[in-house]
Amino acid sequence: MLALSIRKMRGSFRLDAAITLQKPGVIALFGPSGCGKSTLIHCLTGLETPDEGRIELNGETFFDSQLGIDMPAERRGVGCVFQDSRLFPHFTVRGNLTFGAARTQRPAYIAFDDMVELLDLRALLERRPNRLSGGEKQRVAIGRALLSQPRLLLLDEPLASLDHARRGEVLPYLETLRDRLAIPIVYVSHQFDEVLRLATDLVLMRDGSILAQGELSELSLSPALRSMIGMDLVGAVVNAHLLGVDPDTDIARLSVGQGELKVAHKGLAAHGALRVQLLARDIIVATAQPAQLSVRNCLAGRISKIGSEQPGSDLISIDIGGETILARITAAATQDLQLHIGMRVWALIKSVSIQGHSFAAPAPPPRFIATE
Amino acid sequence: MFTLSAAETQAFALSLQVAGLSAACNLPLAIALSYALTRGRFPGRRMLDAVVHLPLVLPPVAVGYVLLVLFGNRGPIGHWLFSHFGIQLVFTRAGAALATAVMSLPLMVRAMRISLDNVDPGLEAAARTLGAGPLDRFLNITLPLMSPGILAGVVTAFAAGLGEFGAVITFVSNIPGETRTLPLALYTALQTPDGDAAAARLALLSIALGIGGLLLSEYLARSIGKWLGR
(Lines give C-alpha, C1' and ligand atoms only; values in the text may rest on other atoms or scores of the structure.)
Protein backbone atom coordinates (compact mmCIF):
# COMPACT_ATOMS: atom_id res chain seq x y z
CA MET A 1 0.00 0.00 0.00
CA LEU A 2 2.63 2.48 1.13
CA ALA A 3 6.10 2.60 -0.37
CA LEU A 4 8.45 5.42 0.57
CA SER A 5 12.10 5.90 -0.18
CA ILE A 6 13.47 9.41 0.31
CA ARG A 7 16.58 11.39 1.03
CA LYS A 8 16.75 14.89 2.41
CA MET A 9 19.55 17.08 3.73
CA ARG A 10 18.82 19.72 6.31
CA GLY A 11 21.94 21.54 7.42
CA SER A 12 24.27 18.78 8.54
CA PHE A 13 21.36 16.41 9.20
CA ARG A 14 20.75 13.75 6.60
CA LEU A 15 17.55 11.75 6.32
CA ASP A 16 17.80 8.60 4.25
CA ALA A 17 14.84 6.34 4.78
CA ALA A 18 12.80 3.68 3.06
CA ILE A 19 9.67 2.08 4.46
CA THR A 20 6.94 -0.13 3.06
CA LEU A 21 3.62 -1.21 4.50
CA GLN A 22 1.59 -3.85 2.73
CA LYS A 23 -1.52 -4.19 4.86
CA PRO A 24 -3.79 -2.11 7.05
CA GLY A 25 -2.39 -1.83 10.52
CA VAL A 26 -0.33 0.50 12.60
CA ILE A 27 3.22 1.09 11.57
CA ALA A 28 5.03 2.81 14.42
CA LEU A 29 7.95 5.11 13.72
CA PHE A 30 9.98 4.87 16.86
CA GLY A 31 13.12 6.72 17.75
CA PRO A 32 14.58 9.45 19.95
CA SER A 33 13.83 13.13 19.33
CA GLY A 34 15.81 14.48 16.41
CA CYS A 35 16.08 11.13 14.66
CA GLY A 36 14.24 12.42 11.60
CA LYS A 37 10.75 11.11 12.32
CA SER A 38 9.18 14.53 11.85
CA THR A 39 11.00 15.27 8.61
CA LEU A 40 10.01 11.86 7.29
CA ILE A 41 6.31 12.30 7.99
CA HIS A 42 6.30 15.89 6.76
CA CYS A 43 7.64 14.56 3.48
CA LEU A 44 4.87 11.97 3.48
CA THR A 45 2.16 14.58 4.02
CA GLY A 46 3.67 16.96 1.48
CA LEU A 47 4.35 19.74 3.97
CA GLU A 48 8.05 19.26 3.21
CA THR A 49 9.72 18.19 -0.01
CA PRO A 50 12.42 15.51 -0.09
CA ASP A 51 15.59 16.19 -2.05
CA GLU A 52 15.17 12.97 -3.95
CA GLY A 53 13.29 9.70 -3.86
CA ARG A 54 9.82 8.39 -4.34
CA ILE A 55 6.62 8.18 -2.28
CA GLU A 56 3.71 6.06 -3.39
CA LEU A 57 0.40 5.17 -1.77
CA ASN A 58 -2.05 2.65 -3.23
CA GLY A 59 -0.38 2.91 -6.61
CA GLU A 60 -0.59 6.71 -6.73
CA THR A 61 2.65 8.63 -6.83
CA PHE A 62 2.87 11.47 -4.31
CA PHE A 63 6.44 12.32 -5.06
CA ASP A 64 9.01 11.25 -7.59
CA SER A 65 12.15 13.32 -8.00
CA GLN A 66 13.05 11.62 -11.29
CA LEU A 67 9.67 12.17 -12.89
CA GLY A 68 9.33 15.62 -11.29
CA ILE A 69 6.11 14.72 -9.48
CA ASP A 70 5.27 16.54 -6.24
CA MET A 71 1.58 16.34 -5.42
CA PRO A 72 0.51 19.22 -3.16
CA ALA A 73 -0.35 18.27 0.41
CA GLU A 74 -3.99 19.28 0.01
CA ARG A 75 -4.52 16.63 -2.66
CA ARG A 76 -2.69 13.70 -1.02
CA GLY A 77 -5.42 12.60 1.34
CA VAL A 78 -3.08 11.95 4.23
CA GLY A 79 -5.05 12.63 7.41
CA CYS A 80 -2.86 14.12 10.12
CA VAL A 81 -3.20 14.32 13.86
CA PHE A 82 -0.58 16.61 15.34
CA GLN A 83 0.87 16.63 18.83
CA ASP A 84 -0.67 20.06 19.48
CA SER A 85 -4.06 19.07 17.97
CA ARG A 86 -4.21 22.25 15.85
CA LEU A 87 -7.98 22.62 16.06
CA PHE A 88 -9.28 25.78 14.43
CA PRO A 89 -10.14 28.07 17.36
CA HIS A 90 -12.78 30.01 15.46
CA PHE A 91 -14.85 26.91 14.64
CA THR A 92 -16.89 24.74 16.95
CA VAL A 93 -16.04 21.07 17.30
CA ARG A 94 -18.66 20.40 14.64
CA GLY A 95 -17.09 22.99 12.34
CA ASN A 96 -13.68 21.43 12.85
CA LEU A 97 -14.99 17.93 12.17
CA THR A 98 -16.69 18.92 8.94
CA PHE A 99 -13.81 21.07 7.64
CA GLY A 100 -12.05 18.22 5.87
CA ALA A 101 -15.25 16.38 5.02
CA ALA A 102 -16.48 19.40 3.06
CA ARG A 103 -13.30 19.54 1.00
CA THR A 104 -12.65 15.93 0.08
CA GLN A 105 -13.30 14.53 -3.38
CA ARG A 106 -12.87 10.97 -2.17
CA PRO A 107 -15.91 8.78 -1.57
CA ALA A 108 -16.91 8.69 2.08
CA TYR A 109 -16.20 5.53 4.02
CA ILE A 110 -16.81 6.96 7.48
CA ALA A 111 -20.03 8.80 8.19
CA PHE A 112 -20.15 11.79 10.52
CA ASP A 113 -22.47 10.05 12.99
CA ASP A 114 -20.36 6.89 13.10
CA MET A 115 -17.27 8.92 13.85
CA VAL A 116 -19.03 10.94 16.55
CA GLU A 117 -20.19 7.66 18.06
CA LEU A 118 -16.80 5.97 17.82
CA LEU A 119 -14.93 8.84 19.49
CA ASP A 120 -17.70 9.86 21.92
CA LEU A 121 -17.89 13.39 20.60
CA ARG A 122 -21.67 13.93 20.78
CA ALA A 123 -21.57 16.08 23.91
CA LEU A 124 -18.75 18.24 22.57
CA LEU A 125 -20.12 19.14 19.15
CA GLU A 126 -21.18 22.72 19.84
CA ARG A 127 -18.17 23.63 22.00
CA ARG A 128 -15.22 25.73 20.99
CA PRO A 129 -11.75 24.11 21.18
CA ASN A 130 -10.75 26.44 24.04
CA ARG A 131 -13.37 24.70 26.19
CA LEU A 132 -12.00 21.20 25.64
CA SER A 133 -9.52 19.20 27.73
CA GLY A 134 -6.29 18.02 26.13
CA GLY A 135 -7.64 14.52 25.63
CA GLU A 136 -10.88 15.79 24.13
CA LYS A 137 -8.96 18.00 21.73
CA GLN A 138 -6.98 15.03 20.46
CA ARG A 139 -10.16 12.99 19.99
CA VAL A 140 -11.66 15.83 17.94
CA ALA A 141 -8.43 16.13 15.95
CA ILE A 142 -8.54 12.40 15.19
CA GLY A 143 -12.18 12.67 14.12
CA ARG A 144 -11.43 15.69 11.97
CA ALA A 145 -8.60 13.88 10.18
CA LEU A 146 -10.68 10.75 9.61
CA LEU A 147 -13.73 12.62 8.31
CA SER A 148 -11.61 13.97 5.48
CA GLN A 149 -11.80 10.30 4.38
CA PRO A 150 -8.02 9.92 4.24
CA ARG A 151 -6.18 7.14 2.44
CA LEU A 152 -3.66 7.02 5.23
CA LEU A 153 -3.84 8.29 8.79
CA LEU A 154 -0.77 9.83 10.31
CA LEU A 155 -0.53 10.30 14.05
CA ASP A 156 2.41 12.49 15.04
CA GLU A 157 3.02 11.89 18.74
CA PRO A 158 -0.69 12.44 19.41
CA LEU A 159 -0.35 11.70 23.12
CA ALA A 160 2.94 13.47 23.82
CA SER A 161 1.37 16.65 25.19
CA LEU A 162 -1.04 14.77 27.48
CA ASP A 163 -0.50 13.75 31.08
CA HIS A 164 -0.68 10.10 32.08
CA ALA A 165 -4.40 10.08 32.90
CA ARG A 166 -5.36 11.80 29.65
CA ARG A 167 -3.20 9.41 27.66
CA GLY A 168 -5.06 6.52 29.20
CA GLU A 169 -8.25 8.24 28.12
CA VAL A 170 -7.27 8.48 24.45
CA LEU A 171 -5.38 5.18 23.95
CA PRO A 172 -8.47 2.93 23.88
CA TYR A 173 -9.90 5.02 21.03
CA LEU A 174 -6.71 4.55 19.07
CA GLU A 175 -6.90 0.80 19.66
CA THR A 176 -10.45 0.77 18.35
CA LEU A 177 -9.40 2.65 15.25
CA ARG A 178 -6.51 0.28 14.65
CA ASP A 179 -8.88 -2.68 14.72
CA ARG A 180 -11.62 -1.05 12.65
CA LEU A 181 -9.94 1.03 9.97
CA ALA A 182 -8.99 -0.50 6.68
CA ILE A 183 -6.41 2.19 5.93
CA PRO A 184 -2.82 2.12 7.10
CA ILE A 185 -1.96 4.18 10.15
CA VAL A 186 1.50 5.66 10.69
CA TYR A 187 2.09 6.28 14.35
CA VAL A 188 5.03 8.40 15.45
CA SER A 189 6.16 8.09 19.03
CA HIS A 190 9.09 8.02 21.35
CA GLN A 191 7.12 6.25 24.08
CA PHE A 192 7.69 2.53 23.84
CA ASP A 193 4.63 1.59 25.89
CA GLU A 194 2.37 3.30 23.33
CA VAL A 195 4.13 1.49 20.52
CA LEU A 196 3.76 -1.79 22.36
CA ARG A 197 0.08 -1.24 22.77
CA LEU A 198 -0.78 0.02 19.30
CA ALA A 199 1.73 -1.03 16.70
CA THR A 200 1.54 -4.02 14.41
CA ASP A 201 4.73 -3.06 12.62
CA LEU A 202 7.72 -1.16 13.85
CA VAL A 203 10.26 1.08 12.18
CA LEU A 204 13.26 2.00 14.31
CA MET A 205 14.93 5.27 13.44
CA ARG A 206 18.12 6.89 14.59
CA ASP A 207 20.20 9.78 13.21
CA GLY A 208 18.15 10.08 10.05
CA SER A 209 18.29 6.47 9.01
CA ILE A 210 16.26 3.35 9.60
CA LEU A 211 17.90 0.78 11.86
CA ALA A 212 15.33 -1.97 11.42
CA GLN A 213 11.77 -2.56 10.40
CA GLY A 214 9.37 -5.44 10.63
CA GLU A 215 6.58 -6.90 12.68
CA LEU A 216 6.61 -5.88 16.31
CA SER A 217 7.02 -9.41 17.68
CA GLU A 218 9.98 -10.00 15.38
CA LEU A 219 11.64 -6.68 16.18
CA SER A 220 11.12 -7.11 19.91
CA LEU A 221 14.03 -9.56 19.71
CA SER A 222 16.32 -7.23 17.75
CA PRO A 223 19.50 -5.73 19.19
CA ALA A 224 18.60 -2.42 17.51
CA LEU A 225 15.54 -2.03 19.71
CA ARG A 226 17.52 -3.01 22.80
CA SER A 227 19.98 -0.23 22.17
CA MET A 228 17.12 2.26 22.03
CA ILE A 229 14.88 1.34 24.95
CA GLY A 230 17.52 0.07 27.37
CA MET A 231 17.93 -3.40 28.83
CA ASP A 232 15.26 -3.02 31.49
CA LEU A 233 12.45 -2.73 28.96
CA VAL A 234 13.71 -5.51 26.72
CA GLY A 235 11.30 -8.35 26.35
CA ALA A 236 9.92 -10.59 23.66
CA VAL A 237 6.48 -9.72 22.36
CA VAL A 238 4.68 -12.97 21.66
CA ASN A 239 1.29 -13.77 20.21
CA ALA A 240 -1.11 -15.50 22.53
CA HIS A 241 -4.62 -16.91 22.40
CA LEU A 242 -7.07 -16.75 25.23
CA LEU A 243 -8.07 -20.29 26.15
CA GLY A 244 -10.45 -19.53 28.98
CA VAL A 245 -11.05 -17.65 32.19
CA ASP A 246 -11.53 -19.26 35.59
CA PRO A 247 -14.61 -17.47 36.92
CA ASP A 248 -13.69 -18.08 40.59
CA THR A 249 -10.15 -16.71 40.54
CA ASP A 250 -10.53 -14.48 37.47
CA ILE A 251 -7.32 -15.91 36.09
CA ALA A 252 -7.05 -16.16 32.31
CA ARG A 253 -5.28 -19.02 30.56
CA LEU A 254 -3.33 -18.11 27.43
CA SER A 255 -1.65 -20.37 24.94
CA VAL A 256 1.81 -19.16 23.97
CA GLY A 257 3.96 -21.22 21.64
CA GLN A 258 3.58 -24.82 22.89
CA GLY A 259 2.98 -23.73 26.44
CA GLU A 260 0.40 -22.02 28.54
CA LEU A 261 0.43 -18.88 30.67
CA LYS A 262 -1.87 -17.88 33.49
CA VAL A 263 -2.42 -14.15 33.90
CA ALA A 264 -4.77 -11.90 35.79
CA HIS A 265 -7.81 -11.45 33.59
CA LYS A 266 -8.34 -7.86 34.60
CA GLY A 267 -7.28 -5.47 31.87
CA LEU A 268 -7.33 -8.09 29.14
CA ALA A 269 -9.91 -8.09 26.39
CA ALA A 270 -12.70 -10.59 26.96
CA HIS A 271 -11.81 -12.67 23.96
CA GLY A 272 -9.54 -12.82 21.01
CA ALA A 273 -5.95 -12.94 20.04
CA LEU A 274 -3.60 -11.24 22.42
CA ARG A 275 -0.12 -9.94 22.35
CA VAL A 276 1.97 -10.32 25.44
CA GLN A 277 5.29 -8.79 26.36
CA LEU A 278 7.50 -10.89 28.59
CA LEU A 279 10.25 -8.73 30.04
CA ALA A 280 13.64 -10.40 29.86
CA ARG A 281 14.57 -9.28 33.37
CA ASP A 282 11.47 -11.02 34.79
CA ILE A 283 12.30 -14.43 33.41
CA ILE A 284 14.14 -17.07 35.42
CA VAL A 285 15.85 -19.94 33.60
CA ALA A 286 15.82 -23.42 35.10
CA THR A 287 17.59 -26.48 33.70
CA ALA A 288 15.21 -28.94 35.36
CA GLN A 289 11.42 -28.84 35.48
CA PRO A 290 10.72 -26.85 38.62
CA ALA A 291 8.25 -27.90 41.29
CA GLN A 292 6.97 -26.38 44.47
CA LEU A 293 7.42 -22.77 43.44
CA SER A 294 5.09 -19.83 43.85
CA VAL A 295 5.73 -18.78 40.27
CA ARG A 296 2.67 -19.76 38.27
CA ASN A 297 4.03 -19.73 34.77
CA CYS A 298 6.55 -22.12 33.39
CA LEU A 299 7.27 -22.52 29.70
CA ALA A 300 9.41 -25.34 28.40
CA GLY A 301 11.76 -24.66 25.51
CA ARG A 302 15.20 -24.94 24.02
CA ILE A 303 17.96 -22.36 24.02
CA SER A 304 18.38 -20.97 20.52
CA LYS A 305 20.93 -18.28 21.20
CA ILE A 306 23.15 -16.93 23.94
CA GLY A 307 24.21 -13.35 23.57
CA SER A 308 26.34 -11.19 25.77
CA GLU A 309 24.77 -7.74 25.82
CA GLN A 310 26.43 -6.11 28.77
CA PRO A 311 29.48 -7.14 30.78
CA GLY A 312 28.35 -9.65 33.34
CA SER A 313 24.93 -10.35 31.90
CA ASP A 314 23.71 -12.61 29.12
CA LEU A 315 20.55 -12.54 27.04
CA ILE A 316 19.27 -16.04 26.44
CA SER A 317 16.86 -16.69 23.55
CA ILE A 318 14.55 -19.59 24.25
CA ASP A 319 12.41 -21.22 21.57
CA ILE A 320 9.14 -22.19 23.23
CA GLY A 321 7.68 -23.76 20.09
CA GLY A 322 7.05 -21.26 17.35
CA GLU A 323 7.77 -18.25 19.54
CA THR A 324 11.02 -17.01 20.98
CA ILE A 325 11.33 -15.34 24.35
CA LEU A 326 14.27 -13.58 25.93
CA ALA A 327 15.67 -14.05 29.42
CA ARG A 328 18.34 -11.91 30.98
CA ILE A 329 20.57 -13.68 33.45
CA THR A 330 24.02 -13.10 34.84
CA ALA A 331 27.01 -14.42 32.96
CA ALA A 332 27.96 -16.32 36.09
CA ALA A 333 24.63 -18.17 35.96
CA THR A 334 25.24 -19.09 32.32
CA GLN A 335 28.57 -20.58 33.39
CA ASP A 336 27.28 -22.42 36.46
CA LEU A 337 24.29 -23.93 34.67
CA GLN A 338 26.49 -24.71 31.67
CA LEU A 339 23.85 -23.28 29.37
CA HIS A 340 24.41 -23.98 25.69
CA ILE A 341 22.53 -23.78 22.46
CA GLY A 342 19.99 -26.58 21.99
CA MET A 343 19.75 -27.23 25.73
CA ARG A 344 16.30 -27.95 27.14
CA VAL A 345 15.29 -25.34 29.74
CA TRP A 346 12.25 -24.03 31.57
CA ALA A 347 11.44 -20.32 31.67
CA LEU A 348 9.70 -19.17 34.82
CA ILE A 349 7.61 -16.01 34.51
CA LYS A 350 5.79 -14.19 37.24
CA SER A 351 2.23 -13.73 36.03
CA VAL A 352 2.15 -10.15 37.25
CA SER A 353 4.85 -9.19 34.80
CA ILE A 354 2.73 -9.88 31.78
CA GLN A 355 1.51 -6.94 29.82
CA GLY A 356 -1.15 -7.87 27.34
CA HIS A 357 -3.74 -6.33 25.19
CA SER A 358 -6.22 -7.54 22.68
CA PHE A 359 -5.21 -7.43 19.11
CA ALA A 360 -7.15 -8.27 15.98
CA ALA A 361 -9.91 -10.25 17.62
CA PRO A 362 -10.81 -13.53 15.84
CA ALA A 363 -14.26 -12.22 14.89
CA PRO A 364 -13.33 -8.61 14.17
CA PRO A 365 -16.03 -5.98 13.92
CA PRO A 366 -16.57 -4.84 10.32
CA ARG A 367 -13.81 -2.56 9.25
CA PHE A 368 -14.46 0.78 7.62
CA ILE A 369 -13.43 0.11 4.08
CA ALA A 370 -11.56 2.77 2.18
CA THR A 371 -13.10 2.66 -1.27
CA GLU A 372 -10.41 3.30 -3.81
CA MET B 1 -20.32 76.88 22.69
CA PHE B 2 -20.94 73.52 21.07
CA THR B 3 -22.73 74.57 17.99
CA LEU B 4 -20.42 74.11 15.08
CA SER B 5 -20.39 76.63 12.28
CA ALA B 6 -21.19 75.45 8.78
CA ALA B 7 -17.51 75.57 7.85
CA GLU B 8 -16.56 73.53 10.88
CA THR B 9 -19.23 70.93 10.14
CA GLN B 10 -17.92 70.79 6.62
CA ALA B 11 -14.35 70.23 7.85
CA PHE B 12 -15.58 67.49 10.19
CA ALA B 13 -17.53 65.71 7.42
CA LEU B 14 -14.59 66.07 5.07
CA SER B 15 -12.22 64.57 7.63
CA LEU B 16 -14.48 61.54 8.06
CA GLN B 17 -14.68 61.20 4.29
CA VAL B 18 -10.95 61.48 3.70
CA ALA B 19 -10.01 59.18 6.59
CA GLY B 20 -12.69 56.67 5.59
CA LEU B 21 -11.67 56.62 1.95
CA SER B 22 -7.98 56.26 2.78
CA ALA B 23 -8.63 53.45 5.28
CA ALA B 24 -10.89 51.63 2.81
CA CYS B 25 -8.31 51.86 0.02
CA ASN B 26 -5.50 50.83 2.34
CA LEU B 27 -7.32 47.79 3.73
CA PRO B 28 -6.75 45.26 0.92
CA LEU B 29 -3.28 46.63 0.26
CA ALA B 30 -2.30 46.39 3.92
CA ILE B 31 -3.62 42.82 4.20
CA ALA B 32 -1.63 41.79 1.14
CA LEU B 33 1.50 43.61 2.34
CA SER B 34 1.36 42.25 5.88
CA TYR B 35 0.91 38.72 4.53
CA ALA B 36 3.75 39.11 2.05
CA LEU B 37 6.07 40.67 4.64
CA THR B 38 5.30 38.04 7.30
CA ARG B 39 4.96 34.82 5.33
CA GLY B 40 6.58 35.66 2.02
CA ARG B 41 10.12 34.63 1.08
CA PHE B 42 11.11 36.70 -1.92
CA PRO B 43 14.02 38.89 -2.90
CA GLY B 44 13.53 42.53 -1.97
CA ARG B 45 11.30 41.76 0.99
CA ARG B 46 13.39 43.92 3.31
CA MET B 47 13.41 46.73 0.80
CA LEU B 48 9.62 46.59 0.49
CA ASP B 49 9.37 46.57 4.28
CA ALA B 50 11.51 49.71 4.47
CA VAL B 51 9.52 51.53 1.78
CA VAL B 52 6.19 50.76 3.48
CA HIS B 53 7.50 52.03 6.80
CA LEU B 54 9.27 55.09 5.41
CA PRO B 55 6.40 57.55 6.12
CA LEU B 56 6.72 56.70 9.84
CA VAL B 57 10.19 58.22 9.99
CA LEU B 58 10.02 60.91 7.32
CA PRO B 59 8.71 64.40 8.07
CA PRO B 60 5.10 64.41 6.78
CA VAL B 61 5.92 67.50 4.74
CA ALA B 62 8.56 65.48 2.88
CA VAL B 63 5.98 62.80 2.09
CA GLY B 64 3.65 65.51 0.79
CA TYR B 65 6.45 66.89 -1.33
CA VAL B 66 7.27 63.45 -2.82
CA LEU B 67 3.58 63.00 -3.63
CA LEU B 68 3.55 66.39 -5.26
CA VAL B 69 6.52 65.44 -7.41
CA LEU B 70 5.00 62.06 -8.40
CA PHE B 71 1.30 62.89 -8.60
CA GLY B 72 1.42 66.58 -9.48
CA ASN B 73 -0.03 67.51 -12.85
CA ARG B 74 3.44 67.40 -14.36
CA GLY B 75 4.65 64.49 -12.26
CA PRO B 76 5.10 61.12 -14.03
CA ILE B 77 2.08 59.43 -12.43
CA GLY B 78 -0.08 62.53 -12.12
CA HIS B 79 0.38 63.43 -15.76
CA TRP B 80 -0.47 59.90 -16.88
CA LEU B 81 -3.58 59.78 -14.69
CA PHE B 82 -4.77 63.14 -15.98
CA SER B 83 -4.13 62.50 -19.68
CA HIS B 84 -5.65 58.98 -19.65
CA PHE B 85 -8.46 59.21 -17.14
CA GLY B 86 -8.86 62.92 -16.51
CA ILE B 87 -8.07 62.27 -12.83
CA GLN B 88 -6.46 65.12 -10.93
CA LEU B 89 -5.22 64.50 -7.41
CA VAL B 90 -3.58 67.76 -6.38
CA PHE B 91 -5.94 70.18 -4.63
CA THR B 92 -8.72 67.53 -4.44
CA ARG B 93 -10.16 65.47 -1.59
CA ALA B 94 -9.09 62.29 -3.44
CA GLY B 95 -5.56 63.68 -3.20
CA ALA B 96 -6.09 64.32 0.51
CA ALA B 97 -7.17 60.70 0.88
CA LEU B 98 -4.05 59.55 -1.01
CA ALA B 99 -1.73 61.57 1.24
CA THR B 100 -3.57 60.25 4.32
CA ALA B 101 -3.39 56.69 2.97
CA VAL B 102 0.36 56.83 2.40
CA MET B 103 0.91 58.22 5.90
CA SER B 104 -1.33 55.68 7.66
CA LEU B 105 -0.38 52.57 5.65
CA PRO B 106 2.55 51.62 7.91
CA LEU B 107 0.30 51.87 10.98
CA MET B 108 -2.19 49.51 9.39
CA VAL B 109 0.45 47.06 8.18
CA ARG B 110 2.14 47.00 11.59
CA ALA B 111 -1.06 46.18 13.45
CA MET B 112 -1.87 43.40 11.00
CA ARG B 113 1.62 41.94 11.13
CA ILE B 114 1.52 41.65 14.90
CA SER B 115 -1.74 39.75 14.58
CA LEU B 116 -0.48 37.58 11.74
CA ASP B 117 2.63 36.67 13.72
CA ASN B 118 0.29 35.19 16.30
CA VAL B 119 -1.49 33.00 13.78
CA ASP B 120 0.05 29.55 14.13
CA PRO B 121 1.27 28.43 10.69
CA GLY B 122 0.53 24.94 12.00
CA LEU B 123 -3.17 25.69 11.64
CA GLU B 124 -2.65 26.51 7.98
CA ALA B 125 -0.65 23.30 7.57
CA ALA B 126 -3.46 21.37 9.25
CA ALA B 127 -5.99 22.94 6.88
CA ARG B 128 -3.74 21.92 4.04
CA THR B 129 -3.70 18.27 5.04
CA LEU B 130 -7.50 18.49 5.24
CA GLY B 131 -7.65 19.43 1.58
CA ALA B 132 -7.78 23.24 1.66
CA GLY B 133 -5.97 24.99 -1.20
CA PRO B 134 -4.08 28.29 -0.83
CA LEU B 135 -7.02 30.71 -1.27
CA ASP B 136 -9.32 28.52 0.82
CA ARG B 137 -6.75 28.48 3.65
CA PHE B 138 -6.25 32.20 3.47
CA LEU B 139 -9.95 33.06 3.48
CA ASN B 140 -11.10 30.51 6.05
CA ILE B 141 -8.16 30.21 8.43
CA THR B 142 -5.63 33.03 8.14
CA LEU B 143 -7.96 35.95 7.51
CA PRO B 144 -10.43 35.23 10.35
CA LEU B 145 -7.58 34.56 12.78
CA MET B 146 -5.81 37.81 11.92
CA SER B 147 -9.05 39.80 12.08
CA PRO B 148 -8.21 41.41 15.46
CA GLY B 149 -5.17 42.94 13.79
CA ILE B 150 -7.19 43.97 10.75
CA LEU B 151 -9.67 45.72 13.01
CA ALA B 152 -6.96 47.37 15.09
CA GLY B 153 -5.18 48.45 11.93
CA VAL B 154 -8.30 49.96 10.38
CA VAL B 155 -9.27 51.83 13.54
CA THR B 156 -5.74 53.13 14.12
CA ALA B 157 -5.32 54.18 10.52
CA PHE B 158 -8.74 55.84 10.46
CA ALA B 159 -8.07 57.73 13.68
CA ALA B 160 -4.62 58.80 12.49
CA GLY B 161 -6.15 59.74 9.15
CA LEU B 162 -8.56 62.14 10.82
CA GLY B 163 -5.57 64.05 12.10
CA GLU B 164 -3.18 63.91 9.14
CA PHE B 165 -1.83 67.40 8.62
CA GLY B 166 1.61 67.87 7.10
CA ALA B 167 1.35 65.57 4.09
CA VAL B 168 -2.16 66.79 3.28
CA ILE B 169 -1.45 70.51 3.44
CA THR B 170 1.72 70.07 1.37
CA PHE B 171 0.16 67.90 -1.31
CA VAL B 172 -3.37 69.29 -1.68
CA SER B 173 -3.15 72.61 0.12
CA ASN B 174 -5.84 74.08 2.41
CA ILE B 175 -8.96 74.60 0.31
CA PRO B 176 -12.21 75.08 2.25
CA GLY B 177 -14.78 72.44 1.34
CA GLU B 178 -12.30 70.40 -0.68
CA THR B 179 -9.18 69.71 1.33
CA ARG B 180 -9.64 71.61 4.60
CA THR B 181 -10.00 68.71 7.02
CA LEU B 182 -10.35 68.98 10.80
CA PRO B 183 -6.68 69.59 11.63
CA LEU B 184 -6.34 72.04 8.75
CA ALA B 185 -9.43 73.91 9.96
CA LEU B 186 -7.97 73.93 13.47
CA TYR B 187 -4.71 75.31 12.15
CA THR B 188 -6.59 77.94 10.12
CA ALA B 189 -8.62 78.95 13.19
CA LEU B 190 -5.41 79.41 15.17
CA GLN B 191 -4.04 81.66 12.43
CA THR B 192 -7.21 83.77 12.44
CA PRO B 193 -7.69 86.68 14.90
CA ASP B 194 -10.59 85.78 17.29
CA GLY B 195 -10.35 82.18 16.17
CA ASP B 196 -9.71 80.89 19.73
CA ALA B 197 -13.24 79.66 20.37
CA ALA B 198 -13.39 77.90 17.02
CA ALA B 199 -10.00 76.32 17.68
CA ALA B 200 -11.16 75.09 21.08
CA ARG B 201 -14.33 73.60 19.58
CA LEU B 202 -12.36 71.82 16.86
CA ALA B 203 -9.82 70.54 19.37
CA LEU B 204 -12.58 69.21 21.63
CA LEU B 205 -14.22 67.57 18.65
CA SER B 206 -10.93 65.88 17.76
CA ILE B 207 -10.53 64.62 21.31
CA ALA B 208 -14.10 63.30 21.38
CA LEU B 209 -13.55 61.51 18.09
CA GLY B 210 -10.36 59.96 19.40
CA ILE B 211 -11.96 58.69 22.60
CA GLY B 212 -15.00 57.40 20.72
CA GLY B 213 -12.77 55.56 18.28
CA LEU B 214 -10.70 53.94 21.05
CA LEU B 215 -13.81 52.78 22.95
CA LEU B 216 -15.33 51.38 19.78
CA SER B 217 -12.18 49.49 18.85
CA GLU B 218 -11.93 48.09 22.39
CA TYR B 219 -15.50 46.84 22.18
CA LEU B 220 -15.02 45.35 18.72
CA ALA B 221 -11.76 43.67 19.74
CA ARG B 222 -13.55 42.00 22.66
CA SER B 223 -16.37 40.70 20.48
CA ILE B 224 -13.96 39.44 17.86
CA GLY B 225 -11.88 37.73 20.55
CA LYS B 226 -14.98 35.97 21.80
CA TRP B 227 -15.91 34.94 18.28
CA LEU B 228 -12.42 33.56 17.74
CA GLY B 229 -12.73 31.43 20.84
CA ARG B 230 -9.97 33.07 22.81
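Cut-offs applied
- Residues numbered from 1 in each chain as written.
- Chains lettered and ligands numbered in written order.
- Predicted model: local features only at pLDDT ≥ 70, side-chain atom pairs only at ≥ 80, totals over all residues.
- Heavy atoms only, no water.
- Domains from an automatic or database assignment.
- Core = buried A, V, L, I, M, F, W, Y, C linked by side-chain atoms within 4.5 Å.
- Buried < 20%, exposed > 50% of the residue type's maximum accessible area, 1.4 Å probe, protein only.
- Contact = heavy atoms within 4.5 Å.
- Helix = DSSP H or I, 4+ residues; strand = E, 2+ residues; numbered from the N terminus.
- Pairing = 2+ DSSP bridges.
- Axes fitted to C-alpha atoms, helices over the stretch in contact; angles between N-to-C directions.

Trainee: Give a detailed account of the domain arrangement of chain A, specifying residues and quantitative values.
Mentor: For chain A, the assigned domains read domain 1 (2-229) and domain 2 (235-370). The C-alpha-based centres of domain 1 of chain A and domain 2 of chain A are spaced at 31 Å.

Trainee: Outline the nonpolar core, supporting the account with residue identities and numerical values.
Mentor: If you look at the biggest cluster of nonpolar residues, it comprises 57 residues, and the most contacted ones within it are A:Leu29, A:Leu40 and A:Val186. In contact with A:Leu29, not counting residues within four places along its chain, are A:Ile19, A:Lys37, A:Leu40, A:Ile41, A:Val186, A:Tyr187, A:Val188, A:Ser189, A:Val203 and A:Met205.

Trainee: Can you break down unusual backbone geometry residue by residue, with the values?
Mentor: Residues and elements named next belong to chain A. Although it is not a glycine, Arg86 adopts a positive phi angle of roughly 55 degrees. Inspection of the secondary structure assignment puts Arg86 in the loop between β7 (78-81) and α3 (93-101). For Arg86, a relative accessible area of 17% translates into the label buried. The residue Asp207 is not glycine, and still its phi comes out positive at about 50 degrees. Checked against the element boundaries, Asp207 lands in the loop between β10 (201-206) and β11 (209-215).

Trainee: A description of the sheet that holds strand β20 (residues 344-349) of chain A should follow, citing residues and the corresponding values.
Mentor: Residues and elements named next belong to chain A. One open sheet accounts for 5 strands, arranged β16-β20-β17-β18-β19; its pairing is antiparallel. The open sheet has two edge strands with one neighbour each: β16 (283-286) and β19 (324-330). Adjacent strand axes in the sheet meet at a mean angle of 45 degrees, parallel and antiparallel pairs treated alike. Both strand β18 (residues 313-319) and β19 contribute to a ladder of 7 bridges, which runs antiparallel. Residue Asp319 lies in a different strand from β19, and its bridge partner there is Thr324.

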